[in-house]
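# Observations on the three-dimensional arrangement
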Amino acid sequence: MRLAVYAFYAFALGLLLFGLRELLFGFEENRCSMTYMFEYPEYRRVQLPRRVARQYPSYGLYLYGEGAYALETRGLKLTGAPVLFLPGNAGSYKQARSLGSVALRKAEDLDRQTHMNVFTIDFNEDLVALYGGSLYRQTRFLHESIKAILRLYKDQPDPPTGVVLVGHSMGGVVARALFTLPRFKPQMVSLIITQASPHQAPVLSLDPYILEFYSAVSQRWATGAEDLRNVTVLSVGGGYRDYQVRSGLTVLSCPIDDLNKMSLVATAVPRTWVSTDHLSIVWCKELVLATVRAFFDLIEPETGQFTENTQKRMSVLNYHFFRHPVQQPGGGLDAPLTFSAPPEAWKEVNTLRLFYNAPKEAQVKYFLFALSSRRKAYSHFHCRSNNMEMSSWLYGCTQMSGSICVQAVDLSSGTELLPVYKVVTVKISELLSVSHLIIDASNPSGAQFVMECELQREESLTVSVQVPHVLSFGLTVHDISINSSGLFHTLQLQDFHQVYQAFRITVTSHCKATKDRLPSVYRLRVPWFFEDSFTTASIPSVSEIYGMLHTSRRDGSSNALLQLHTAPNCQYKVSIRTSVSKVLGQILRFCGPMLPAYTAVALLLMIRAQLNSVKRSGHPVGMQEVMSKCLQLHKLELPVLMLLLLLRQSWFNDVWFTLGLPAVDTLPLNSVEDLSQDTKELVQEWPRLVSPLLCVLGAAIAFLGSTVLRVSVRFLSFVLAPLHRPSVSRDCGTLHLRTLIILIVSLSVLGGVTCGALALTGSTLLHLYRVLRLQMTERSLSHMLNLEPQKVSQNSENGFHDGDCHSKGKECNGTSLLSESVLQDVRDDLQLHLSLSTLLTLPMMLSAPSLIHWNRNLRYWVHLDPDPCWPHTLPLLISSILLINCNTHTLLCSKLMTMTSRLLMPLCVGMLAFCPLHIYRVIHFLSASLTILASSCYF
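Residues numbered from 1 in each chain as written. Predicted model: local features only at pLDDT ≥ 70, side-chain atom pairs only at ≥ 80, totals over all residues. Heavy atoms only, no water.

### A short note on the overall build of the protein
What counts here: A run of H or I in DSSP counts as a helix once it spans at least four residues, and a run of E counts as a strand once it spans at least two, with each numbered from the N terminus. Here the term buried applies to any residue with accessible area under 20% of the maximum for its type, exposed to any over 50%, and partly exposed to those in between, with areas from a 1.4 Å probe on protein chains only. Residue contacts follow a heavy-atom distance rule, with two residues in contact if any of their heavy atoms lie within 4.5 Å. Note on areas: these come from Shrake-Rupley sampling with a 1.4 Å probe, and a residue is covered only by the protein chains present in the view.
A tally of regular secondary structure across the protein gives 27 helices and 27 strands. Principal-axis analysis of the C-alpha atoms places the extent of the protein at approximately 125 × 70 × 55 Å. Counting all 939 residues of the protein, 57% fall into the buried class. A sequence separation of at least 24 residues applies to 81% of the contacts in the protein between residues at least 6 apart. Within the structure as shown, the protein displays about 39,600 Å² of accessible surface, and the carbon and sulfur contribution to it stands at 56%.

Shown next, in the form of structure tokens:
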């Protein structure tokens with residue numbers, strides 16, 4: 001039986017480790033280039049008003065500088081455009097050096113005609129992603145910092161009216177929270193760029209202050225107020241390398257018609273095309289260059305400050321972060337064009353496809369495609385070139401003179417930059433006034449390049465393929481072959497629109513001739529979100545693409561697409577199968593933060609099973625055996641399912657919310673906004689299939705945690721044994737009633753005066769000391785040589801037999817002969833208290849962020865305000881102290897034993913229903929459970 005238990009939990013831990021491996025390491029290597037400082041970076045502190053300095057002693061405002069620029073700005077006489085960097089959770093203000101250094105180099109290239117002043121805020125590396133009590137504090141200090149920055153420019157002829165904000169991680173959320181302050185003027189900030197900022201929801205909701213903060217920010221930005229419509233916000237997610245903040249959380253929650261709010265993933269940014277982890281998104285050179293280029297394009301040459309034109313901001317950000325077309329921001333290409341090329345520079349193409357390899361010598365060359373005879377047969381014209389210079393290269397001729405175009409319009413605005421070449425596709429039906437298409441293949445600098453163009457039929461552009469079911473476990477493979485006679489093909493991946501899906505897509509290419517062929521580019525495109533990823537492959541090759549999503553489909557858009565930029569006259573085979581490892585990785589990516597709630601449920605069920613064992617036999621079952629019996633998924637999941645079904649009934653839903661009861665937490669694995677009602681109800685049940693898996697993973701974590709604690713206790717008891725006199729009683733480590741009262745009062749005062757997490761940690765350590773004493777007693781008893789079986793009856797007569805409610809334990813240092821029953825009593829108590837200590841460790845860990853924050857700021861204040869652990873954890877603190885004196889004998893004699901055992905199961909169900917998205921509620925449920933358990937030990 002024990003072997004089967006170990007095998008089950010070894011399998012569960014294997015699943016967990018397998019999924020964690022995919023989550024933490026199952027992605028491409030870091031392809032970001034490092035940004036370097038060419039001179040020693042300096043951070044000059046900006047003096048704030050005394051009132052602000054006294055109110056925020058742990059925060060600071062700095063100006064970044066290097067070399068000569070740092071000397072010039074020593075007196076803070078500034079003339080540039082202000083940019084303020086906001087660090088995130090535990091982030092350093094020195095992270096601004098990448099942005100500041102690149103901006104300084106860019107300004108030097110422009111001879112300082114325009115430049116930026118990069119400021120940065122020191123938030124004392126607060127853990128704001130885990131402790132929400134500092135979020136409003138940071139927001140108010142940010143407001144004061146912006147006002148201080150603008151005061152530095154008051155003597156300039158064209159002072160700035162606002163500051164551009166760049167926020168990393170939680171810094172981006174704080175930037176948007178500015179607009180919730182009652183005295184903040186929205187014109188102070190017109191542009192916000194956030195990097196890996198979780199706008200949708202916090203990664204972990206360890207206290208209610210984080211959720212209150214998010215709720216206030218979301219309500220403010222969801223209203224679509226007029227003062228917010230002029231604020232441009234760009235949110236950039238890191239991609240799959242960022243396992244701390246998944247990119248789905250970086251999507252901005254704003255009205256659909258507000259085009260000023262944009263979200264995308266770094267893999268889709270032109271000239272970046274890389275996934276970044278949570279820290280490298282700050283220093284990734286490719287992304288920093290895109291940001292700095294956009295900033296300099298936004299600076300008005302006349303004033304040297306950022307533009308206040310909303311349309312220009314949108315145009316610049318679209319150019320640098322989304323499509324990167326030929327048309328420069330603010331440029332116009334609608335005017336008719338004329339050509340002065342000689343007749344020999346013009347050549348008409350009579351075939352459907354053009355392949356041109358430019359020679360080394362400079363020349364002027366134009367190719368003409370006549371459209372008159374091809375409009376009905378062909379729908380699109382597609383062209384690509386590995387000449388990465390973004391200049392006009394496709395025109396539509398509106399007036400011909402013989403074989404020469406006299407007048408034309410520029411059609412290059414649809415050009416898009418891909419990792420190895422630029423491409424453009426035009427729809428022929430929209431070119432009614434155009435008689436010929438003109439390809440500019442000139443190379444005035446003598447640079448070599450390859451150009452390929454072709455006419456395409458719409459029906460041959462897109463092929464639909466059904467993806468395998470997620471529960472096929474990789475056994476089903478869907479293949480499709482493409483005999484590529486063209487340059488571009490699109491595979492529509494049917495039914496691929498949910499985040500729990502993950503596929504391994506293998507693309508095999510084979511060509512007879514590979515000379516002068518451009519590489520193939522495979523693009524996984526998501527129509528409802530800019531999270532595209534690119535794969536470049538040589539010819540021939542076998543490429544593996546992992547198809548996963550950051551967001552589920554939220555509207556009526558099509559399914560995900562696989563776009564293949566192929567070589568002509570080649571064969572491509574695409575194989576799609578479900579990737580089990582990636583599915584596990586996706587589940588942990590989206591549901592991993594909920595595992596503390598499932599772990600707490602498993603630990604509480606373990607204690608419930610031990611109580612039932614004590615009730616039946618007088619002895620608690622071992623932790624390993626308990627784990628195998630207590631995980632009764634049907635008793636956990638069925639009540640939650642019934643509650644969800646009842647909440648679909650309008651009358652029950654009205655009664656539920658009238659009583660002020662919270663909504664049931666659901667797993668964030670799909671979106672059902674665009675589905676019919678029948679399909680919606682079916683899809684909503686899918687997360688409940690994942691919940692049992694999370695229960696198993698939570699039980700595996702509980703099993704591992706209890707095992708680690710048991711081994712640690714054995715080691716510590718061996719080390720601490722010489723410091724204690726040998727004990728031979730189950731009462732070792734217990735406390736007198738007066739001592740219990742003193743400890744409860746002392747820890748309560750300590751928690752109220754300093755930090756509740758400190759008091760909770762103290763009570764947990766006190767209970768752990770009880771476990772250590774029991775472990776030392778168990779070792780002493782098991783090694784004594786005077787355990788004589790014949791004394792059992794004598795000791796039993798004296799009242800030391802199992803299951804007797806009137807027995808009295810011996811003193812800790814008694815010298816009388818002992819029996820096996822005493823050793824069994826100690827082992828029983830040790831089993832019980834090991835389980836309790838494992839359970840008490842969980843709230844101590846969940847409250848650790850507030851304790852760390854309190855410790856870091858101890859030199860500024862003694863009392864933590866606000867304190868998420870006080871007074872809510874007072875029942876838990878009192879219960880943990882009272883449970884020190886608890887043993888299996890008192891539980892067996894308790895009148896509340898049966899009621900306690902029955903109440904723990906509903907509390908577990910409630911925890912499963914209301915805690916996965918609100919982790920801080922776990923402590924409340926554990927407080928209620930341990931309060932009931934402590935009552936059973938005394939009544």
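### As for the packing of aromatic side chains
Which entries qualify depends on this criterion: Only rings of Phe, Tyr and Trp enter the pairing, Trp through its six-membered ring, and a pair is recorded when the two centres are within 6.5 Å. The plane angle decides the type: under 30 degrees is stacked, over 60 is edge-to-face, the rest tilted. Think of it as a cone above the ring: NZ of Lys or CZ of Arg counts as a charge over the ring if it is within 6 Å of the ring centre and within 35 degrees of the ring normal.
Per the stated rule, a full pass over the model turns up 26 aromatic pairs. For the ring pair Y62 and Y93, a centre distance of 4.4 Å and an interplane angle of 10 degrees mean the geometry is stacked. Pair noted here: Y62 is in strand β2 (residues 60-66) and Y93 is in the loop between β3 (81-86) and α4 (97-109), with a separation of 31 residues, a long-range link. Each of the two residues, Y62 as well as Y93, counts as buried. Connected via pairs of aromatic rings, a cluster forms that spans Y43, Y62, Y64 and Y93. Across the ring face of W221, the terminal group of R176 is positioned such that the distance to the ring centre comes to 4.9 Å. The ring centre of Y546 lies 4.5 Å from the NZ or CZ of K582, which sits over that ring.

### Topic: the sheet that holds strand β12 (residues 380-385)
Cut-off, in case you're wondering: Here, a strand pair is defined by DSSP locating no fewer than two bridges between the strands.
Read from one edge to the other, the open sheet built from 5 strands follows the order β10-β18-β12-β16-β15, with strand pairing classed as antiparallel. Two strands lie at the open edges of the sheet, namely β10 (353-357) and β15 (416-417), each paired on one side alone.

### Remarks on the environment of M911
Its place among the elements puts M911 in helix α26 (residues 897-914). Linking M911 and V601, residues 310 residues apart in sequence, is a C-alpha distance of 6.9 Å. If we skip the residues at most four places from it in the chain, M911 touches A597, A600, V601, L604, P916, V922, F925 and L926.

### A few points about unusual backbone geometry
Residue P540 is bonded to the preceding I539 through a cis peptide linkage, with omega at -5 degrees. Looking at the element boundaries, P540 is found in the loop between β24 (533-537) and β25 (541-547). The omega torsion of the bond from W870 to P871 falls at 5 degrees, within 30 degrees of zero and hence cis. Of note, P871 is situated in the loop between α23 (848-856) and α24 (874-882).

### Quick word on the sheet that holds strand β14 (residues 404-410)
The condition that has to hold: For helices, the fitted line uses only the C-alpha atoms of the stretch in contact; every axis is such a line through C-alpha atoms, and the angle between N-to-C directions lies from 0 to 180 degrees.
With mixed pairing, the 5 strands of this open sheet are ordered in space as β9-β11-β17-β13-β14. Since the sheet does not close on itself, it has two edges, and those belong to β9 (346-348) and β14, each with one partner. Between one strand axis and the next, the sheet turns by 35 degrees as a mean value, whatever way the strands run. Relative to strand β17 (residues 436-440), strand β13 (residues 394-401) runs antiparallel, the two sharing 4 bridges. Note on β17: the bridge partner recorded for L394 is I439.

### Points about the pairing of β3
Put simply, the rule reads: Handedness is read with the strands pointing away from the viewer; a crossover is right-handed when the path from the first strand over the helix to the second is clockwise.
Buried residues dominate β3, accounting for 6 of its 6 residues. Here β3 shows no split at all, with A81, V83 and F85 on one side and P82, L84 and L86 on the other all buried. In terms of strand pairing, β3 meets strand β4 (residues 116-122) through 5 bridges, oriented parallel. The residue bridging L84 from the neighbouring strand is F119, located in β4. In this view, the connection linking β3 to its parallel neighbour β4 by way of α4 has right-handed handedness. By the bridge criterion, 4 bridges tie β3 to strand β5 (residues 164-168) in an arrangement that is parallel. What sits directly across from V83, in β5, is V164.

### Digging into the side chain of E454
We count it as follows: We call two N or O atoms a polar contact when they sit within 3.5 Å, provided that within protein one can donate a hydrogen and the other can accept it, with sequence-adjacent residues counted only if both atoms are side-chain atoms.
Tracing the sequence through the fold places E454 in strand β18 (residues 450-456). A polar side-chain atom of E454 sits 2.7 Å from the main-chain amide nitrogen of L487. Not counting residues within four places of it along the chain, the set of residues in contact with E454 comprises L352, R353, H380, F381, H382, S485, G486, L487 and F488.

### Brief notes about empty space enclosed by the protein
Definition in use: Think of a 1 Å grid over just the protein atoms. A cavity is a set of points where a 1.4 Å probe fits yet cannot get out, a pocket is an open set with protein on both sides within 12 Å along at least five of seven lines, and lining residues have an atom within 4 Å of a point. Grid points are joined across faces, edges and corners, and a volume is the space filled by probe spheres set on the points. In the scheme used here, Gly and all other residues not listed as nonpolar or charged are polar, with Ala, Val, Leu, Ile, Met, Phe, Trp, Tyr, Cys and Pro taken as nonpolar and Asp, Glu, Lys and Arg as charged.
Scanning the model with the defined rule gives 6 cavities of 30 Å³ or more in all. Within this model, the largest cavity holds a volume of roughly 130 Å³. Forming the walls of the largest cavity are 16 residues, and the residues nearest its centre are L206, D207, P868, C869 and I923. Counting residues per element, the ones that place at least two in the lining of the largest cavity are α23 and α27 (921-938). The class makeup of the residues in the lining of the largest cavity is 10 nonpolar, 5 polar and 1 charged.

### Quick notes on the pairing of strand β16 (residues 422-427)
Both β12 and β16 contribute to a ladder of 6 bridges, which runs antiparallel. Bridge pairing in β16 places S385 opposite K422. Bridge count for β15 against β16 is 2 bridges, and the pairing is antiparallel. Within β16, the position partnered with E416 by the bridge is V423. Linking β15 back to β16 in an antiparallel pair, the connection comprises 4 residues.

### Some points on the packing of helix α20 (residues 756-783) against α24
Here is the rule we go by: Here the word oblique covers every angle except those under 35 degrees (roughly parallel), over 145 (roughly antiparallel) and from 65 to 115 (roughly perpendicular). In this scheme the crossing of two helices becomes right-handed for a clockwise turn of the near helix relative to the far one and left-handed for an anticlockwise turn of less than a right angle.
Where α20 meets α24, the axes come as close as 9 Å, and the angle between the chain directions of the two elements is 15 degrees. Considered as vectors, α20 and α24 are oriented roughly parallel to each other. Considering the relative orientation of α20 and α24, their crossing is left-handed. Across from A759, L760, S763, L766 and H767 in α20, the residues of α24 making contact are L876, L877, S880 and I881.

### Overview of the confidence of the model for the protein
Formally: Note on scores: pLDDT gives the predictor's confidence for each residue, bounded by 0 and 100.
Scored by pLDDT, the protein comes out at a mean of 87, with 92% of its residues at no less than 70. Below pLDDT 50 for its whole length, residues 785-804 participates in 27 contacts with residues either more than four positions away or in separate chains. Confidence drops under a pLDDT of 50 for residues 806-817, and excluding neighbours within four residues, the segment shows 30 contacts in the predicted structure.

### Topic: the state of the cysteines
Threshold: A pair of sulfur atoms, both from cysteines and within 2.5 Å, is called a disulfide here.
Summed over the entire model, instances satisfying the criterion amount to 5 disulfides. Shown here is the disulfide that connects C32 with C284, its sulfur atoms set 2.2 Å apart. As the torsion about the S-S bond is roughly -85 degrees, the C32-C284 disulfide counts as left-handed. In this pair, C32 is assigned in the loop between α1 (2-25) and β1 (41-45) and C284 in the loop between α9 (280-283) and α10 (285-298), connecting sequence segments 252 residues apart. Between the sulfur atoms of C397 and its disulfide partner C405 the distance amounts to 2.2 Å. Since a negative S-S torsion denotes a left-handed disulfide, the C397-C405 link at about 110 degrees is right-handed. The buried category is assigned to C405, whose relative accessible area is 1%.

### Considerations on the environment of L561
In this structure, L561 sits in strand β26 (residues 561-565). Taking C-alpha positions, L561 is 29 Å from Q328, a pair spaced 233 residues apart along the chain. Residues in contact with L561, not counting those within four places in the same chain, are T490, L491, Q492, R523, L524, R525 and P527.

### Quick look at the pattern of salt bridges
Using the following cut-off: For this analysis, a salt bridge means a side-chain nitrogen from Lys or Arg found within 4 Å of a carboxyl oxygen belonging to Asp or Glu.
One pass over the full model with this rule turns up 19 salt bridges. A salt bridge links R44 to E42; the shortest N-O distance between them is 3.6 Å. The residue E452 makes a salt bridge to R384 at a minimum N-O spacing of 2.7 Å. Placement of E452 in strand β18 and of R384 in strand β12 is noted, with a sequence separation of 68 residues between them. The same class applies to E452 as to R384, namely buried.

### Observations regarding the environment of I404
Checked against the element boundaries, I404 lands in strand β14. Spatially, the C-alpha atom of I404 lies 9.0 Å from that of L368, the residues being 36 residues apart in sequence. Setting aside anything within four residues of it in sequence, one finds I404 in contact with P343 and W346.

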